[in-house]
Amino acid sequence: MIIEYDGTDFAGWQRQDGAVSTVQGEIEAVLRRILQEAVSITGAGRTDKGVHAMGQVASFMTGSSMEAGRLCHSLNSLLPSSIRIMSLIDVDGDFHARYSALSRQYRYMLRQRESAIFRRFSGYDRAPHDLDQLNSRASVLLGRHDFKAFSKSGSDTRTTCCTVSEAQWFREKEYLVFQISANRFLRSMVRYLVSATLRFSGAEISYALVSRQPIKGLLPADPAGLFLWEIGYASAG
């Protein structure tokens, strides 16, 4: 399934114990209600609290023979309006939303004027920024690096190395947009990289990558501006 969600009111993607509302938890609860069986879904990426998605992908196994289109309609009828299943299809049994993914793309939407309406879906920074300078800093991120300095402690991972294939800033209408693609991401990594490219030099970012030591004073960007945009998989055939 491809999922779009407004993450503002959720404590992230990943299911949590207790009465904490998460995107995964909401979808699983509705699936179990419809299919009358225990269903566990796996997402391609785990977004943090307040982070959104335009193209999250999740997979699950079921013994039900319910047609995919009907199940998709039923899910959207029962899920909160802040979560929409954009499509749902049958796939081969060896497909896995997380492990079959080759790349993940995130976008960060930054406004330089405050907004009462769009604040749910954008960060805010009124400082002037030169696009060429931002992209010069972002270019330092390309390739395989150890991103330990740009992640929150407690990341559920055996390695902190990631391969970044794209990192660029561009303007789109009233937004400054940071787009980054990689084979994998660490916890809060994109939000740290947004702040780093906005406020620190390419040399400081390079040193943090090599030394694995965080830049003093670096804080993650507001989660409201971050979107899990697209998941890449191998083409069929």
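Residues numbered from 1 in each chain as written. Predicted model: local features only at pLDDT ≥ 70, side-chain atom pairs only at ≥ 80, totals over all residues. Heavy atoms only, no water.

Chemist: Can you walk me through the packing of aromatic side chains in this structure?
Modeler: In this description, a pair of aromatic rings is defined by centroid distance and the angle of the planes. The full count for this structure, using the stated rule, is five aromatic pairs. A ring pair is formed by W169 and F178, whose centres lie 5.2 Å apart and whose planes are at 40°; its orientation type is tilted. Under the relative-accessibility criterion, W169 is labelled buried at 2%. For F178, a relative accessible area of 0% translates into the label buried. Centroid distance F227 to W229: 6.1 Å. Interplanar angle 80°. Geometry classified as edge-to-face. Residue W229 is classed as partly exposed on the basis of its relative accessible area, which comes to 25%. Its end group placed over the ring of Y175, R111 keeps NZ or CZ at 5.4 Å from the ring centre. (Phe/Tyr/Trp six-rings, centres within 6.5 Å; stacked < 30°, edge-to-face > 60°. Buried < 20%, exposed > 50% of the residue type's maximum accessible area, 1.4 Å probe, protein only. Lys NZ or Arg CZ within 6 Å of the ring centre and 35° of its normal.)

Chemist: Would you mind going over the nonpolar core with me for this structure?
Modeler: Side chains of a nonpolar character, in soluble globular proteins, are inclined to be buried together. Counting 65 residues, the largest nonpolar core has I27, L31, F147, F150 and F178 as the members making the most contacts within it. For this core, the element with the highest residue contribution is helix α4 (residues 189–199), accounting for seven residues. Excluding residues within four positions of it along the chain, L31 makes contact with M1, Q36, V39, I41, F60, L71 and L75. Ranked by size, the runner-up nonpolar core spans five residues in total, among them M109, F170, V177 and F227. (Core = buried A, V, L, I, M, F, W, Y, C linked by side-chain atoms within 4.5 Å. Helix = DSSP H or I, 4+ residues; strand = E, 2+ residues; numbered from the N terminus. Contact = heavy atoms within 4.5 Å.)

Chemist: What is the right way to look at the environment of L78 in this model?
Modeler: In this structure, L78 sits in helix α2 (residues 68–78). L78 gets classed as partly exposed once you look at its relative accessible area, which sits at 35%. Each C-alpha atom, one on L78 and one on E26, is 9.8 Å from the other, the two residues being 52 residues apart in sequence.

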